[in-house]
Structures are given as structure tokens and as C-alpha cells.
Amino acid sequence: MANNEQFTQQAAGGPIKYPDGSVLLRPQSIRGPLLIVFVLLLAAGCVIGYFAINAFSANVLHAAENEKARVQELVAASPSLNVPVVANYLAFDDIPCITALEETGAVLTDLPRSGENTDTVDVAKVNEGVTPEQTLTVFQDADPTIGAFTAAQTLIGAWRFSVNRDDGTAMRLRYADFASGSPTAALQNALTLQGYTEDLVVDSGVDESGNTYSTGVVSTELGDSVWRVSVALLSDIYSIKNLPDTAYFVSVRVTA
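Overview of the structure. In this text the structure is predicted, and so the values were computed from the model without any measurement.

## Some words on the side chain of Thr215
Relative to the helices and strands, Thr215 resides in strand β8 (residues 212-220). A residue is classified by how much of its surface remains accessible, and Thr215, at 17% relative accessible area, is buried. The residues contacting Thr215, other than those within four sequence positions of it, are Leu200, Val201, Val202, Asp203, Trp227 and Arg228.

## Concerning unusual backbone geometry
You will see that Asn242, though not glycine, has its phi angle at about 70°, which is positive. Residue position: Asn242 is located in the loop between α6 (234-237) and β10 (248-255). The partly exposed category is assigned to Asn242, whose relative accessible area is 21%.

## Notes on the packing of aromatic side chains
Considering all chains together, one arrives at 3 aromatic pairs under this definition. When the ring of Tyr89 is compared with that of Phe92, the centres are 6.0 Å apart and the planes differ by 45°; the resulting orientation is tilted. One aromatic cluster is present, built from ring pairs that chain together Tyr89, Phe92 and Phe161. A cation over an aromatic ring shows up here: Arg70 above the ring of Phe149, its NZ or CZ 3.7 Å from the ring centre. Over the aromatic face of Tyr213 sits the side chain of Arg228, whose NZ or CZ is 4.6 Å from the ring centroid.

## Re a nonpolar patch on the surface
Taken together, Val202, Val217 and Val226 make up a surface patch of nonpolar side chains, about 250 Å² in accessible area. Structurally, Val202 can be placed in strand β7 (residues 201-206).

## A look at the sheet that holds strand β4 (residues 121-125)
Taken together, the 8 strands give an open sheet; going across it, the order is β3-β4-β5-β6-β10-β9-β8-β7, and neighbouring strands pair in antiparallel fashion. The open sheet is flanked by β3 (108-110) and β7, the only strands paired with a single partner. Geometrically, the sheet is characterised by an average inter-axis angle of 20° between neighbouring strands, direction not taken into account. Alignment of strand β5 (residues 160-164) against strand β6 (residues 170-177), held across 5 bridges, turns out to be antiparallel. The residue of β6 that forms the bridge with Phe161 is Leu173. Sheet strands touched by helix α2 (residues 94-102): β3, β4, β5 and β6. Its angle to β5, the strand with the most contacts, is close to 165°.

## Concerning the pairing of β5
By the criterion of burial, β5 is predominantly enclosed, with 5 of the 5 residues buried. What you see with β5 is no split at all: Arg160, Ser162 and Asn164 on one side and Phe161 and Val163 on the other are buried throughout. Two successive antiparallel strands, β5 and β6, enclose a turn made up of 5 residues, where Gly168 displays a positive phi of approximately 80°.

Parameters at a glance
- Residues numbered from 1 in each chain as written.
- Predicted model: local features only at pLDDT ≥ 70, side-chain atom pairs only at ≥ 80, totals over all residues.
- Heavy atoms only, no water.
- Helix = DSSP H or I, 4+ residues; strand = E, 2+ residues; numbered from the N terminus.
- Buried < 20%, exposed > 50% of the residue type's maximum accessible area, 1.4 Å probe, protein only.
- Contact = heavy atoms within 4.5 Å.
- Phe/Tyr/Trp six-rings, centres within 6.5 Å; stacked < 30°, edge-to-face > 60°.
- Lys NZ or Arg CZ within 6 Å of the ring centre and 35° of its normal.
- Patch = residues over 30% accessible without salt bridge, like charges linked within 9 Å, V, L, I, M, F, W, Y side chains within 5 Å.
- Areas by Shrake-Rupley, 256 points an atom, 1.4 Å probe, with all protein chains shown as cover.
- Salt bridge = Lys/Arg side-chain N within 4 Å of Asp/Glu carboxyl O.
- Pairing = 2+ DSSP bridges.
- Axes fitted to C-alpha atoms, helices over the stretch in contact; angles between N-to-C directions.

If you want it as C-alpha cells, here you go:
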């Protein structure tokens, strides 16, 4: 044997070389000082990874808590809810309805309608310091990347008002209630804001979707009109992280 090669037979064209594979059969293991170095490097990597993951988790948790605290500051500083009384607008055509809403001092932005949305009016109140584009993003697109503080800044004190005339006249008001603290309180506050007293309530409870609601009939310029007020968790409507667990989405619908 020479140079790890064996000449095992002779062929017409010359010798056929067969490599000696015994070198591949040697134990493949790390020994001695090299093993110690390998173990030390592995241990160091585990320690660094552990602290890096902990630091990242702490930063994420701190950011979430900080955002929640900023939202609570907004809620504490916000004025009482002031929303349109839907039944008061039932007799208006579309343009006079928008004009009447603007005469309350509200700055409105039109929400684009597409697909199956046949609403003749769909507008949202723009808060001071908030752009129409941001209002559109929150109210219509419900972009989950905007963050809880931006969502609260846009929603607190704002509202969305829409009109549909496919079958009679149906007007709908939607807004967020960050202050009431419970679905029952949010519902009661909504009823009070709309002027719906207990004697006007025909039915109330929790529907199949888990929304707390009340329905009834109110006398308007168009005759007796059916109303429904419902309350859902805001987090069920918007997929936005760090929204308060006590923030609610309120919907008021009146049909004539």
C-alpha cells in the first residue's frame, strides 16, 4: 500500500486504482482541548441568547404598558361624549343631512363607498389634530398596525354617520366609548344621549353575537321609527393591540 491507494488488479489499459477508505472509518468526534473550546462556545451562545430574548421581551412589554398608559391619559383628558341624535336627522335628504351635521361644529370627511356598500351618506367626524386620512384609516380600513394610541386619538370624541335608502330610510351612528367602563353602562349612556327613556324600550339583552343591546320605537317626523342600540367590545371590531379592555363600540340604528 502506498499513499493510501491499493493496486488490486491489472487491466488492459493499465492499473485500476481503488482508494483506501479506511480513513473514513476513523471516529468522528471532538476530543481534548478542542472539545472544551466547543463546549465553552456553546454555553456562551446559550447565555447570550437567553439575555437577548429577555431584553427583547422586556422592551416589548414596556412598550405595550407605555402605550396603554398614554391611552388612559387621553381617556382621562377627553370631554364627555357628544354625538348626533340620529332620529333628529331622519326627515333630511342627504345633502341637508350633511349640512345639519356640520352645523353642530363637526369637521367631516367622506368615507369612500365601494362593492356592496349602497349608503348614500357615509361620513366621519375628524378630531382636532387628526388628519382626514388617519380618520379614514381607523374608521374604514381598521388597519391593525396603527397602534392603540393613534386609534384612541382618532376615535375618542369622533363618530361615523351613514344613511341608507335601499328600503325606506335607515340612519346609523357608530362611535367608541372609552369612558363608561362596562357594556351595560355604555348602553345606558347611549340610550341617554339618544333620548330613549325606559318606556320606549321594547326589548333588551345580549344577542347571538354577544352584543348588549336594546330596541324600541320612537316617534319622528316620518312617523313611528324603530331603533336599535348595541354595544360590543372595541377589540372585537378593531384588531389593534393594547386597546383597553373597557373600551366599547357603540352602534345606533334608526329605521323609518
